[in-house]
Amino acid sequence: MKKWIKNIVVFIMIAVLSLSLVSCSQKTQEKTATNENTTKTEVKVTFPLKITDFMGRQVTIKKEPKRIVSLSPSTTELIYAIGAGKDVVGVTNYDNYPPEVKSVAKVGGYEGPNIEAILAQKPDIVFASNLSGKDQMETLQKSGIPVVVLEAQNINQIYDSIKILGEIIGNVEKGNEIINKMKDKIKEINYKVKDLPKVNVFYVVDTNGNWTAGKGTFIDELITLAGGNNVASDANGWAQYSMEKLMQKNPDVIITSQHATNANNIKNMPGYKDTKAAKDGKIFIISNDDIVTKPSNRIVLGLEEIAKDLHPEAFK
């Protein structure tokens, strides 16, 4: 009798445990389904839309723009990345990416937007840079065209640019996807280099005058994220750096761009040739200036390239 009771108790315990596991499984499935539904939920943007641009101005956009003029090459890249390239009707002479932008009407340069050419495109919105010209932008605004200034100064501001563009263009989900991919790539690179010794780096912008990228530039931020130490971080922005100071800092690595010079030239130039970088043959040429200077989502490509130059062992 006692054995029978014991068997019943065991059976009940097993049944309760099984029900508990089923319940947990159902809750997990429900939670997963909820998360999936949340992920797939479309974010609706309503117009008129009010946003604050990078100049601190509140801009009202009355309707979803279908004709876009961009006076900033980096903003142009982001517009295409978010999926609104077909709506771009005017860009600057300096726009070169993506390749299809070459066929878009040119409406001026960074410092000289052509108002007549811009108005001829009948834009619903103009994305400007800090250098687009105050008077010209006021003229456009008086014509009833909203002008939004988006020119990021650091990676966090690139995220902000993408968020704002996603709202204005009406593709918030794609904007968030781009941001998440950028963050994932940065996290991946950081994980690979975080425990490695810092490498002293000097970036040559131009050998004529020994111009470099100091504190406050994207290049300075990328060097830091890549596991390096920018020896010119004691200078601000784009700066001329004395050769005497460079020789004192004696960088382990020198990085430059294709348009500045080539590795052999630097290796044999007075001052540079006496650095540890030159003696060890650690002078690297970045593949594309744009991926380390333009505030677009491609900045992570520049980060990865610099990280591989500084810590090749981490990427084998």
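Conventions and cut-offs
Residues numbered from 1 in each chain as written. Predicted model: local features only at pLDDT ≥ 70, side-chain atom pairs only at ≥ 80, totals over all residues. Heavy atoms only, no water. Pairing = 2+ DSSP bridges. Helix = DSSP H or I, 4+ residues; strand = E, 2+ residues; numbered from the N terminus. Axes fitted to C-alpha atoms, helices over the stretch in contact; angles between N-to-C directions. Contact = heavy atoms within 4.5 Å. Expected span 1.5 Å × (residues − 1). Buried < 20%, exposed > 50% of the residue type's maximum accessible area, 1.4 Å probe, protein only. Parallel < 35°, antiparallel > 145°, perpendicular 65-115°, else oblique. Left-handed = near helix turned anticlockwise from the far one by under 90°. Nonpolar A, V, L, I, M, F, W, Y, C, P; charged D, E, K, R; others polar. Arc of directions from axis to C-beta. Salt bridge = Lys/Arg side-chain N within 4 Å of Asp/Glu carboxyl O. Polar contact = N/O pair within 3.5 Å; in protein donor to acceptor, adjacent residues only side chain to side chain. Core = buried A, V, L, I, M, F, W, Y, C linked by side-chain atoms within 4.5 Å. Domains from an automatic or database assignment.

1. A few points about the sheet that holds strand β5 (residues 125-128)
With parallel pairing, the four strands of this open sheet are ordered in space as β4-β3-β5-β6. Because the sheet does not close on itself, it has two edges, and the strands there are β4 (88-90) and β6 (147-149). On average, each strand axis in the sheet is tilted by 30° relative to the strand beside it, whichever way the strands run. The strands touched by helix α2 (residues 73-82) are β3 (68-70), β4 and β5; relative to β3, the strand with the most contacts, the crossing angle is about 140°.

2. Notes on helix α12 (residues 299-310)
If you check α12, its first and last C-alpha atoms are 17 Å apart, about what twelve residues at 1.5 Å a residue would give, namely 16 Å. The buried fraction of α12 is high, at nine of twelve residues. Among all positions in α12, only Ile-299, Val-300, Gly-302, Leu-303, Glu-304, Ile-306, Ala-307, Asp-309 and Leu-310 are buried.

3. With respect to the packing of helix α5 (residues 155-169) against helix α6 (residues 172-193)
Axis separation between α5 and α6 bottoms out at 7 Å; the angle between their running directions is 160°. Classified by the interaxial angle, the pair formed by α5 and α6 is roughly antiparallel. Crossing hand, α5 versus α6: right-handed. On α6, the residues that touch Ile-155, Ile-158, Tyr-159, Ile-162, Lys-163, Gly-166 and Glu-167 of α5 are Val-172, Gly-175, Ile-178, Ile-179, Met-182, Lys-183 and Ile-186. Here the contact of α5 with α6 is built from residues that sort into nine nonpolar, two polar and three charged.

4. Observations regarding unusual backbone geometry
The peptide bond linking Phe-47 to Pro-48 adopts the cis configuration, its omega dihedral lying at 5°. Put simply, Tyr-97 and Pro-98 share a cis peptide bond, and its omega is -5°. Within the secondary structure, Pro-98 sits in the loop between β4 and α3 (115-120). Its identity as a non-glycine residue notwithstanding, Asn-210 has a phi of 55°, on the positive side. Inspection of the secondary structure puts Asn-210 in the loop between β7 (199-206) and β8 (211-213). In the Ramachandran plot, Asn-250 falls in the positive-phi region, its phi being about 45° despite a non-glycine side chain. Turning to its location among the elements, Asn-250 is positioned in the loop between α8 (243-249) and β11 (253-257). Taking the relative accessible area as the measure of exposure, Asn-250 reaches 31% and is therefore partly exposed.

5. Observations regarding α6
For α6, spanning 22 residues, the distance from its first C-alpha to its last is 32 Å, which sits close to the expected 32 Å at 1.5 Å a residue. Taken residue by residue, α6 has Val-172, Gly-175, Ile-178, Ile-179, Met-182, Ile-186, Ile-189 and Val-193 as its buried positions. End-on, the buried residues of α6 take up no more than an arc of 130°, which puts them together on one face. Turned more than 90 degrees off the buried face of α6, the exposed positions are Lys-181, Lys-187 and Tyr-191. Contacts from the buried residues of α6 go to α2, α5, α7 (218-225) and α12.

6. Side note on the pairing of β11
In terms of residue burial, β11 counts as a mostly covered element, since five of its five residues are buried. Side chains Val-253, Ile-255 and Ser-257 project from β11 onto one buried face, and the interleaved Ile-254 and Thr-256 project onto a second face that is buried too. Relative to β11, β7 runs parallel, the two being bridged by four bridges. Bridging from a neighbouring strand, Val-204 pairs with Thr-256 of β11. When β11 meets strand β12 (residues 283-286), the two strands line up parallel, connected through four bridges. Along β12, the bridge assignment pairs Ser-257 with Ile-286.

7. Considerations on the pattern of salt bridges
By the definition in use, this model includes 17 salt bridges. The shortest N-O distance in the salt bridge between Asp-290 and Arg-298 comes to 4.0 Å. Using a relative accessible area of 14% as the deciding quantity, one classes Asp-290 as buried. Each of the salt bridges in this network shares a partner with another, and the network as a whole consists of Glu-77, Asp-290, Lys-294 and Arg-298.

8. Here we look at the side chain of Asn-230
Along the chain, Asn-230 turns up in strand β9 (residues 228-230). At a separation of 2.9 Å, a polar atom in the side chain of Asn-230 contacts the main-chain carbonyl oxygen of Ala-213. A distance of 2.9 Å separates a polar atom in the side chain of Asn-230 from a polar atom in the side chain of Asp-220. The contacts of Asn-230, once residues within four sequence positions are left out, are Val-201, Ala-213, Gly-214, Asp-220 and Ile-223.

9. Observations regarding the nonpolar core
By size, the foremost hydrophobic cluster in this structure holds 54 residues, and its most contacted members are Phe-127, Val-148 and Ile-168. Top element by residues in this core is α5. It accounts for eight residues. When residues of this core are assigned to domains, at least three fall in each of domain 1 (49-170) and domain 2 (195-314). Excluding residues that lie within four positions of it along the chain, Val-148 makes contacts with Ile-51, Asp-53, Arg-57, Val-59, Ile-61, Ile-125, Val-126, Phe-127, Ala-128 and Ile-168. Val-204, Tyr-241, Ile-266 and Ala-278 belong to the second-largest nonpolar core, a separate cluster that totals 14 residues.

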